[in-house]
Amino acid sequence: MKSNKIILHLAIVAKLILSFFISSYFWNTDTLYDINNLPVYVLFLCVAYIVLQMISRKISTAQHWWDWVYYLGLLCIMLPVMLANEESLKMYNYITDYGTLLLLIPVLVDGYLLIKPKSSQS
């Protein structure tokens, strides 16, 4: 039981780091080429984030609505790959920039709930 909690803490920290690197890639890109042709390391980071999210969900005792928000973040990464063109580049830059921040929501909420002091019911 204690090892599950340690794994959950490590997964949350790793997801925070991965989401930071994924978001920073998209915040630093401005060209259509960079949005349409994702580097292999960004794809690897996304897959690693998905695996860690699945592990977290398996270990966690409760399922929450924010566990599913990261799907929207992943959708914001994949839509521009398929649909972006020169005319819509600015819109898809906004989608990728702000959409990847959705990867942070599950991490921040889970992290907050782990460090939040438990209230005693007396």
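Here, every reference points to the structure presented above.
Now for a quick tour of the structure. All residue numbers refer to positions counted from 1 along the written sequence of the respective chain. Residues qualify for local features only when their pLDDT is at least 70, as the model is predicted, and side-chain atom pairs are given and counted only at 80 or more; totals for whole chains, interfaces and linings, by contrast, use all residues. For the side-chain quantities, the full set of heavy atoms in the structure was used; hydrogens and water were omitted.

Counting its regular elements, the protein contains six helices and zero strands. By definition, any uninterrupted DSSP run of H or I lasting at least four residues is a helix, any uninterrupted run of E lasting at least two residues is a strand, and each is numbered from the N terminus. What you see in the protein, going N to C, is helices and strands ordered as α-α-α-α-α-α. Across its three principal directions, the C-alpha atoms of the protein cover 60 × 25 × 20 Å. Think of it in three bands: residues with accessible area under 20% of the maximum for their type are buried, residues over 50% are exposed, and the middle band is partly exposed, with areas taken using a 1.4 Å probe on protein chains only. When the 122 residues of the protein are sorted by exposure, 39% land in the buried category. Sequence separation of 24 or more characterises 77% of the internal contacts of the protein that already satisfy a separation of 6 or more. Working note: accessible area of the protein is about 7,800 Å², and carbon and sulfur atoms make up 71% of it. The averaged location of the 7 negative side-chain charges in the protein is 24 Å from the averaged location of its 8 positive side-chain charges. Only heavy atoms matter for contacts: two residues are in contact if any of them lie within 4.5 Å across the pair. Residue exposure ignores everything except the shown protein chains as possible cover, and the areas themselves are Shrake-Rupley values with a 1.4 Å probe. Within this scheme the basic residues Lys and Arg register as positive and the acidic residues Asp and Glu register as negative, but His and the chain ends are omitted. All charge positions are set by atom: Lys at NZ, Arg at CZ, Asp at CG, Glu at CD.

Here the focus is a positive patch on the surface. Patch members must show over 30% relative accessible area and no salt bridge, and they are joined within 9 Å when carrying like charges or within 5 Å when they are nonpolar side chains of Val, Leu, Ile, Met, Phe, Trp or Tyr. Counted as salt bridges are all cases of a side-chain nitrogen of Lys or Arg within 4 Å of a carboxyl oxygen of Asp or Glu. Among the surface-exposed residues, Lys-2, Lys-5, Lys-116 and Lys-118 lie close enough to one another that they form a single positively charged patch. Structurally, Lys-118 is set in the segment after α6 (104-115).

Here we take up the packing of aromatic side chains. For this analysis, a ring pair means two rings from Phe, Tyr or Trp (six-membered ring only for Trp) whose centres lie within 6.5 Å, classed as stacked if their planes differ by under 30 degrees, edge-to-face if by over 60, and tilted for the remaining angles. Overall, the coordinates contain nine aromatic pairs when judged by the stated rule. With a centroid separation of 5.1 Å and an interplanar angle of 85°, the aromatic rings of Trp-27 and Tyr-98 are classed as edge-to-face. Of the two residues, Trp-27 is situated in helix α1 (residues 2-27) and Tyr-98 in helix α5 (residues 89-99); the sequence distance between them amounts to 71 residues. Note on Tyr-98: relative accessible area 47%, which makes it partly exposed.

Together, Ile-7, Val-47, Val-51 and Ile-55 line one region of the surface with nonpolar side chains, adding up to about 300 Å² of accessible area. Considering every element that reaches the nonpolar patch, the biggest residue donor is helix α3 (residues 40-59), with three residues. Position of Val-51 relative to the elements: it lies in helix α3. Classification of Val-51 as partly exposed rests on a relative accessible area of 41%.

Let's shift gears to helix α4 (residues 70-83). Given 3.6 residues per turn, any residue in an α-helix points the same way as the ones three and four places further on. When the terminal C-alpha atoms of α4 are compared, their 20 Å separation across 14 residues agrees well with the 20 Å that a helix rising 1.5 Å per residue should span. Of all the residues in α4, the buried ones are Tyr-70, Gly-73, Leu-74, Cys-76, Ile-77 and Pro-80. Under the convention used throughout, the expected extent of a helix is 1.5 Å for every residue step, that is, one less than its residue count.

Following the sequence through the fold, Asp-110 ends up in helix α6. We call two N or O atoms a polar contact when they sit within 3.5 Å, provided that within protein one can donate a hydrogen and the other can accept it, with sequence-adjacent residues counted only if both atoms are side-chain atoms. For Asp-110, the side chain forms a polar contact with the side chain of Trp-66, separated by 2.8 Å. In contact with Asp-110, other than residues within four places in its own chain, are Ile-12, Lys-15, Trp-66 and Asp-67.

Moving on, we come to the packing of α3 against α4. In contact at an axis separation of 12 Å, α3 and α4 are set at 170° when each is read in the N-to-C sense. In terms of axis orientation, α3 runs roughly antiparallel to α4. Where α3 crosses over α4, the handedness of that crossing is left-handed. Side by side, α3 and α4 meet where Cys-46, Tyr-49, Ile-50, Gln-53 and Arg-57 of the first sit next to Tyr-70, Tyr-71, Leu-74 and Ile-77 of the second. Classifying every residue of the contact of α3 with α4 by side-chain character gives seven nonpolar, one polar and one charged. All axes here are fitted lines through C-alpha atoms, helices being fitted over the stretch that makes contact, and every angle between N-to-C directions spans 0 to 180 degrees. Note on angle classes: values under 35 degrees are labelled roughly parallel, values over 145 roughly antiparallel, values of 65 to 115 roughly perpendicular, and the remainder oblique. Crossing chirality is assigned from the near helix's rotation relative to the far helix, an anticlockwise turn below a right angle marking it left-handed and a clockwise turn marking it right-handed. Residues were grouped as follows: Ala, Val, Leu, Ile, Met, Phe, Trp, Tyr, Cys and Pro as nonpolar; Asp, Glu, Lys and Arg as charged; and all remaining residues, including Gly, as polar.

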